[in-house]
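# Per-entry structural report
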Amino acid sequence: MGPSVLASPLGHKTDYVSSYDASLLFPILRQTSREILGIRSALPFFGYDIWTGYELSWLNPSGMPQVAAAEFIFPCDSDFIVESKSFKLYLNSFNQTVFNSYAEVTECLKRDLSLVAGVAVSVNLQQLHESLLLINQIVMGVCLDSLDIVVNNYHPDPTLLTVDVTDGVVEEQLYSHLLKSNCPVTGQPDWASLFINYSGQKIDHENLLRYIISFREHQDFHEHCVERIFVDILDRCKPDSLSVYARYTRRGGLDINPFRSTQEGVRPSVGRLLRQ
């Protein structure tokens, strides 16, 4: 059992340390929220949590500041997630720390994050002039947000999810920019664009949008919200294949983008969006 999130720096006044300190990283046990979803042994999905860091800097041996964009990939089968404020504090501790090379910074990040997560974490650093992480994406698929619907529920309700058995088997990529949830500790809003790729009986678009909007007052971490959405769609709509991906807006220089899929080894195609 990991330490309680109440012991994390989230929601508390903290000092910003500018010299390297790996002890700032705070782990949160994934299983606590998965128990609520009825996940007690084998995971019903594969996937990753893809974080992007936009405020990573350190000093080279000459004292010259270096900056980079960073992509961190945490496998969803890790025992722990990293609490986001502690991650920001940890990255801030690089600011006045001397490293000999990009490779040394990369290995340091891999070592520390893998130790906290309990599984190997991938780290990719790119200089800003060459970074592919900074390119806005053209989104393919059907946007649900123009549907003219009545909404009166702002707490997650899986019974909203329905399928139309008369349409036969379809394959669709759907998305919405209306996902909003709230931090479980501070209550601050978290905004995201949600992408759902599936094949199977056609999911009713209006009810799916109502379901997505129903998270508006829900308090949970990004990763747990995406897992709840995945499990609810899988249970209620029983698709043959399913992928759920959320691109959350950044806070403190970090965005968190959880991806869950019935297919192993699949990576999402959508990258950085306008709000990120």
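In what follows, the structure referred to is the one given above.
Heads up: these notes are all about the structure in this document.

Criteria and thresholds
Residues numbered from 1 in each chain as written. Predicted model: local features only at pLDDT ≥ 70, side-chain atom pairs only at ≥ 80, totals over all residues. Heavy atoms only, no water. Helix = DSSP H or I, 4+ residues; strand = E, 2+ residues; numbered from the N terminus. Rg over C-alpha atoms; globule rule 2.2 N^0.38 Å. Buried < 20%, exposed > 50% of the residue type's maximum accessible area, 1.4 Å probe, protein only. Contact = heavy atoms within 4.5 Å. Areas by Shrake-Rupley, 256 points an atom, 1.4 Å probe, with all protein chains shown as cover. Lys, Arg positive; Asp, Glu negative; His and termini not counted. Charge placed at Lys NZ, Arg CZ, Asp CG, Glu CD. Axes fitted to C-alpha atoms, helices over the stretch in contact; angles between N-to-C directions. Parallel < 35°, antiparallel > 145°, perpendicular 65-115°, else oblique. Left-handed = near helix turned anticlockwise from the far one by under 90°. Nonpolar A, V, L, I, M, F, W, Y, C, P; charged D, E, K, R; others polar. Polar contact = N/O pair within 3.5 Å; in protein donor to acceptor, adjacent residues only side chain to side chain. Disulfide = S-S within 2.5 Å. Phe/Tyr/Trp six-rings, centres within 6.5 Å; stacked < 30°, edge-to-face > 60°.

## A closer look at the overall build of the protein
Broken down by element type, the protein carries five helices and 10 strands. Relative to the globule expectation of 19 Å for 276 residues, the C-alpha radius of gyration of the protein, 19 Å, shows essentially globular dimensions. With the C-alpha coordinates aligned to their principal axes, the bounding extent of the protein is approximately 70 × 40 × 35 Å. Within the protein, the fraction of its 276 residues that count as buried is 52%. Taking the intrachain contacts of the protein between residues at least 6 apart in sequence as the baseline, contacts between residues at least 24 apart amount to 75%. In the form shown here, the protein has an accessible surface area of approximately 12900 Å², with 51% of it arising from carbon and sulfur atoms. Taken as two groups, the 22 positive and 32 negative side-chain charges of the protein have centres that lie 4 Å from each other.

## Describing the packing of helix H2 (residues 84-92) against helix H3 (residues 102-117)
Look at H2 against H3: their axes get within 13 Å of each other, and the N-to-C directions meet at 150°. With respect to H3, the axis of H2 lies roughly antiparallel. Crossing hand, H2 versus H3: right-handed. Here H2 contributes Phe87, Tyr90 and Leu91 to the contact with H3, which in turn contributes Cys108, Leu109, Asp112 and Leu113. Partitioning the contact of H2 with H3 into residue classes produces six nonpolar, no polar and one charged.

## A short note on the environment of Thr162
With respect to the helices, strands and loops of the structure, Thr162 is situated in the loop between strand S6 (142-143) and strand S7 (163-182). Take Thr162: its relative accessible area is 28%, and that puts it in the partly exposed class. Sequence separation between Thr162 and Gln173 is 11 residues, and the spatial gap between their C-alpha atoms is 17 Å. A distance of 3.0 Å separates the side chain of Thr162 from the side chain of Asn207, its partner in a polar contact.

## What about the side chain of Ser176?
In this fold, Ser176 is placed in strand S7. For Ser176, the side chain forms a polar contact with the main-chain nitrogen of Leu178, separated by 3.0 Å. Non-local contacts of Ser176, meaning those with residues more than four positions away in its chain, are made with Asp145, Ala192, Ser193, Leu194, Leu209 and Ile212.

## Details of unusual backbone geometry
With a phi angle near 50°, Lys238 is a residue other than glycine that sits in the positive phi range. With respect to the helices, strands and loops of the structure, Lys238 is situated in the loop between helix H5 (222-237) and strand S9 (241-248). According to the relative accessible area criterion, Lys238 is exposed, its value standing at 58%.

## Observations concerning the state of the cysteines
Enumeration over the complete set of coordinates arrives at zero disulfides. Here Cys76 is not cross-linked by a disulfide; its sulfur's nearest cysteine counterpart is in Cys225, at 16 Å. In this model Cys225 remains outside any disulfide bridge; the closest cysteine sulfur is found in Cys183, 10 Å from its own. Cys225 gets classed as buried once you look at its relative accessible area, which sits at 0%.

## Some words on the packing of aromatic side chains
The geometry of an aromatic ring pair is captured by the separation of the ring centres together with the interplanar angle, meaning the angle of the planes. For the structure shown, the criterion picks out 15 aromatic pairs. Aromatic side chains Trp51 and Phe87 sit 4.9 Å apart centroid to centroid with 50° between the ring planes, which places their arrangement in the tilted category. Residue Trp51 is found in strand S2 (residues 46-59), and its partner Phe87 is found in helix H2; the two are separated by 36 residues along the sequence. The class of Trp51 is buried, set by a relative accessible area of 1%. Residue Phe87 is classed as buried on the basis of its relative accessible area of 0%. Geometrically, the ring pair formed by Phe72 and Phe87 is tilted, given 5.0 Å between the ring centres and 55° between the ring planes. Within this pair, whereas Phe72 is found in strand S3 (residues 65-75), its partner Phe87 is found in helix H2, the two being separated by 15 residues in sequence. There is no split in this pair, since Phe72 and Phe87 are both buried.

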